[in-house]
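What the coordinates show
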Amino acid sequence: MIKILFVCTGNICRSPLAEGILHHKLRKNNFDAHIDSCGFESFHVGDPPDSRAQEVARKRGVDISSHRARLFSTDDFDRFDYIFAMDSSHFSNIMRLTRNDADRQKVDYMLNILYPGQNLDVQDPWYHGMKAFETVYVQLDEACDRIVDKIIAEFKPK
Ligand code: 4NP
C-alpha cells in the first residue's frame, strides 16, 4: 500500500487539506492508501483543522474535520514512501532531519508535481481570508489529481 505524508507549518490548513483531498480522490478510485499530514510548529498540536480549511473542503464534499494536528518526526521517514512539503521552510526542515539518501529521495515540494523542479510554495493562507483558502484548495486539488494519475499508472495491474 502506498503511503504519502503532507507537511506544513501548523498542520491545520494546507497539509490537512492535501491529505483530505487526496484521500477523497483515491477512495473515489477504489484505491487503498495510507495518507497523513503533520507540521513543524507545536501551537496547534491536537487541534482540528482551521474552520476556513474545513469550510473550503466541505463545499467540495471533502470532510477533514476528524484530523488532529501533530508534529513531524524522523520516524515518518520509515512510515512513508513520499513526503511532500508545502513550502521551502518545510522542505528545508525535513531535509535537515534526513538520515540518508533513501530519506532524501522521498522528499519533494508539493507543487513540483505540477511544475517540476520549480520549488514553488503553496502560500500560507493562515493570515488571509477565504479567498486565500480557495486558492490553496485549487492548487492542492490540481496537484492531487496528478498524484492520483501517477499512483494509478504505477499500481495498475500489468
Ligand atoms: P498551515 O497554516 O501551516 O497551512 O497549517 C498555519 C497555521 C498556523 C500557523 C501558521 C501557519 N501559526 O503560526 O499558528
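Before reading on, note that the structure itself is shown above.
Anyway, here's the lowdown on the structure attached to this text.

About the thresholds
- Residues numbered from 1 in each chain as written.
- Predicted model: local features only at pLDDT ≥ 70, side-chain atom pairs only at ≥ 80, totals over all residues.
- Heavy atoms only, no water.
- Helix = DSSP H or I, 4+ residues; strand = E, 2+ residues; numbered from the N terminus.
- Contact = heavy atoms within 4.5 Å.
- Near = heavy atom within 4 Å.
- Polar contact = N/O pair within 3.5 Å; in protein donor to acceptor, adjacent residues only side chain to side chain.
- Areas by Shrake-Rupley, 256 points an atom, 1.4 Å probe, with all protein chains shown as cover.
- Nonpolar A, V, L, I, M, F, W, Y, C, P; charged D, E, K, R; others polar.
- Buried < 20%, exposed > 50% of the residue type's maximum accessible area, 1.4 Å probe, protein only.
- Arc of directions from axis to C-beta.
- Pairing = 2+ DSSP bridges.
- Axes fitted to C-alpha atoms, helices over the stretch in contact; angles between N-to-C directions.
- Parallel < 35°, antiparallel > 145°, perpendicular 65-115°, else oblique.
- Left-handed = near helix turned anticlockwise from the far one by under 90°.

One can find I147 in helix α6 (residues 130-155). The spacing of I147 and I113 is 34 residues in sequence and 7.2 Å in space, taken between C-alpha atoms. Residue contacts for I147: discarding those within four places in its chain leaves I4, F6, L22, F84, M110 and I113.

Take the site of the ligand next. Around the ligand, the neighbouring residues are C8, T9, G10, N11, I12, C13, R14, F43, H44, D124, W126 and Y127. Take C13: an N or O atom from its main chain is 2.9 Å from an oxygen atom of the ligand. D124 has a polar side-chain atom sitting 3.4 Å from an oxygen atom of the ligand. Taken by itself the ligand offers 360 Å² of open surface, and the protein chains cover 93% of this. Here the residues of the shell around the ligand are counted per class, giving six nonpolar, four polar and two charged.

Right, let's talk about helix α2 (residues 51-58) for a bit. Residues spaced three or four apart along an α-helix point in a common direction, a consequence of the helix completing one turn every 3.6 residues. Listed in full, the buried residues belonging to α2 are A53, Q54, V56 and A57. Seen from one end, α2 has its buried residues packed into an arc of 165°, which puts them on one side. Turned more than 90 degrees away from the buried face of α2, the exposed residues are S51 and R58. Considering only its buried residues, α2 is in contact with α1 (14-28) and α6. Between the side-chain oxygen at the start of α2 and the backbone nitrogen of R52 there is a gap of 2.7 Å, and the oxygen is on D50.

Now for the sheet that holds strand β1 (residues 2-8). Strand order in the open sheet formed by four strands is β2-β1-β3-β4, and the pairing between neighbours is parallel. Looking at which strands have only one partner, the edges of the open sheet turn out to be β2 (33-39) and β4 (107-109). The average angle at which neighbouring strand axes cross in this sheet is 25°, direction not considered. Across the face of the sheet, α1 comes into contact with β1 and β2 while running at roughly 170° to β2. In this fold α6 packs onto β1 and β3 (82-85), with an angle of close to 160° to the strand it touches most, β1.

What follows is about the packing of α1 against α6. For the pair α1 and α6, the least separation of the axes is 9 Å and the interaxial angle reads 45°. Classed by the angle they form, the pair α1 and α6 counts as oblique. Once α1 is placed against α6, the crossing between them reads as right-handed. On α6, the residues that touch R14, L17, A18, I21, L22, K25 and L26 of α1 are V136, Y137, L140, D141, C144, D145, I147, V148 and I151. Classifying every residue of the contact of α1 with α6 gives twelve nonpolar, no polar and four charged.

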